[in-house]
Amino acid sequence: MPVADDTDALGETVERRDEGQDSDRDGDSDDSLPINELFCSLQGEGRLAGVPSVFVRTSGCNLRCWFCDSYHTSWEPTGDWYGVADLVAAIDEFDADHVVLTGGEPLIHDASVDLLEALADRGYHTTVETNGTVYRDAPIDLASVSPKLASSTPTEERDPKGDGEWADRHERRRLDVETLARLLERYETQLKFVVTGPGDVDEIETLVSRVRAATDAPLPDDRVLLMPEGQTRERLNETREVVAELAIERGYRYTPRLHVDLWNDAPGT
Ligand SMILES: C[S@@+](CC[C@H](N)C(=O)[O-])C[C@H]1O[C@@H](n2cnc3c(N)ncnc32)[C@H](O)[C@@H]1O
Ligand SMILES: Nc1nc2[nH]cc(C(=O)O)c2c(=O)[nH]1
Ligand code: SF4
Ligand SMILES: [Mg+2]
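The name recorded for the protein chain in an unreviewed UniProt entry is 7-carboxy-7-deazaguanine synthase, from Haloarcula nitratireducens. What the UniProt record of the protein chain gives under Function (unreviewed entry) is the line "Catalyzes the complex heterocyclic radical-mediated conversion of 6-carboxy-5,6,7,8-tetrahydropterin (CPH4) to 7-carboxy-7-deazaguanine (CDG), a step common to the biosynthetic pathways of all 7-deazapurine-containing compounds."

Colleague: Can you help me understand the site of ligand 2 in this one?
Modeller: The full set of residues close to ligand 2 is S41, L42, Q43, G44, E45, F55, R57, T102, E129, H259 and T269. Measuring from a nitrogen atom of ligand 2, one finds a backbone N or O atom of T269 at 2.8 Å. For ligand 2, whose free accessible area comes to 320 Å², the fraction covered by protein is 93%. Where the shell around ligand 2 is concerned, the elements lending two or more residues are β1 (32-42) and β2 (52-58).

Colleague: Please explain helix α3 (residues 111-121) as it appears in this structure.
Modeller: The α-helix advances 3.6 residues per turn, and as a result positions three or four apart in sequence lie on the same side. All of the buried residues in α3 are A111, S112, V113, L115, L116 and L119. Of the surrounding secondary structure, the elements contacted by the buried residues of α3 are β1, β2, α2 (84-92), β4 (98-102) and β5 (125-130). Following α3 by one or two positions, G123 has its phi on the positive side, about 90 degrees.

Colleague: Please explain the UniProt feature "binding site: substrate" (unreviewed entry) in the protein chain as it appears in this structure.
Modeller: Here, the residues flagged by UniProt with the feature "binding site: substrate" (unreviewed entry) are L42, Q43, G44, R57 and T102. Positionally, R57 belongs in strand β2. Taking relative accessible area as the criterion, R57 reaches 13% and is therefore assigned buried. Excluding residues that lie within four positions of it along the chain, R57 makes contacts with P34, I35, N36, E37, F39, S70, T73, T102 and G103. Within polar-contact distance, the side chain of R57 engages the side chain of E37 at 2.7 Å. Assignment of secondary structure puts T102 in strand β4. T102 sits in the buried class, given a relative accessible area of 10%.

Colleague: Where do I start with the sheet that holds β5 in this structure?
Modeller: On the basis of which strands lie adjacent, the open sheet formed by nine strands has the order β3-β1-β2-β4-β5-β6-β7-β8-β9 and mixed pairing. Strands at the two margins of the open sheet, each flanked by one partner only, are β3 (80-83) and β9 (253-254). Alignment of β2 against β4, held across five bridges, turns out to be parallel. Bridging from a neighbouring strand, S53 pairs with H98 of β4. Seen against the sheet, α2 touches β1, β2, β3 and β4 and runs at an angle of roughly 90 degrees to β3.

Rules used in this analysis
Residues numbered from 1 in each chain as written. Chains lettered and ligands numbered in written order. Predicted model: local features only at pLDDT ≥ 70, side-chain atom pairs only at ≥ 80, totals over all residues. Heavy atoms only, no water. UniProt positions renumbered as here; feature names shortened; annotations may be inferred. Near = heavy atom within 4 Å. Polar contact = N/O pair within 3.5 Å; in protein donor to acceptor, adjacent residues only side chain to side chain. Areas by Shrake-Rupley, 256 points an atom, 1.4 Å probe, with all protein chains shown as cover. Helix = DSSP H or I, 4+ residues; strand = E, 2+ residues; numbered from the N terminus. Buried < 20%, exposed > 50% of the residue type's maximum accessible area, 1.4 Å probe, protein only. Contact = heavy atoms within 4.5 Å. Pairing = 2+ DSSP bridges. Axes fitted to C-alpha atoms, helices over the stretch in contact; angles between N-to-C directions.

Written as structure tokens, this is what we have:
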């Protein structure tokens, strides 16, 4: 079912549910989340790549990257509502002690905090994949923050759905240095940039400098990860080597997209 056709403001997804998209929600507790998919795989990205993990993918996002590999959580958000207890029970079915909460943008939802608290109580290691525009206080073991660069903006030529209607909103919202600094102060953090080519690297360096200037929390170069843009093996064949060389040149880390290398764009991987 559609979650929201336009998550125009933070939290609007949840408000719209309350306005009538809740017909097949079980119960009326307010700790439920719109879930697009839940599956077990190997963490494909970042410093925990290769670790067996359960992925919980919420629906709804406050941004619209043209390249979003989770189209049905952002451009056309779909999913069903589940309470935290049901989600924990579904996660417990798998043999993994790491949980990755992703989306869409998981931190637009209040109930993501409830889910993270329930998972921490049960001893799970939690990673949150977030675009770094929303701060939440929650038990997060690794904040996997992926700030969005100018090359992510859905201009008219690159809009996967319309004619660039989202470009201005995306551009206004995509970077918030204060929020990035707060996340860094509170959580073990990696900054994981999607890189489309050499033209992205100056913006990364400028942003890293601005974040360092905004906080006393350390942001060493080995916490800055460059990840090649690509939803498919074919696209990664064009980007991965260029991005690896940029990482070596600038002293940052490279992260693969292990799941795409292994399973291409298969659902539930
Ligand atoms: C779908 S996003 C969900 C979490 C959050 N909204 C974010 O962007 O960080 C999960 C991860 O996939 C990355 N990603 C999305 N589309 C991508 C693409 N085409 N190529 C490489 N990484 C991509 C994001 O940057 C993020 O690190
Ligand atoms: N295997 C696998 N690893 C991932 N790491 C981050 C992912 C995400 O979509 O947030 C992801 C994903 O979708 N699949
Ligand atoms: S911020 Fe994340 S979920 Fe939202 S559009 Fe960009 S990649 Fe997709
Ligand atoms: Mg993914």
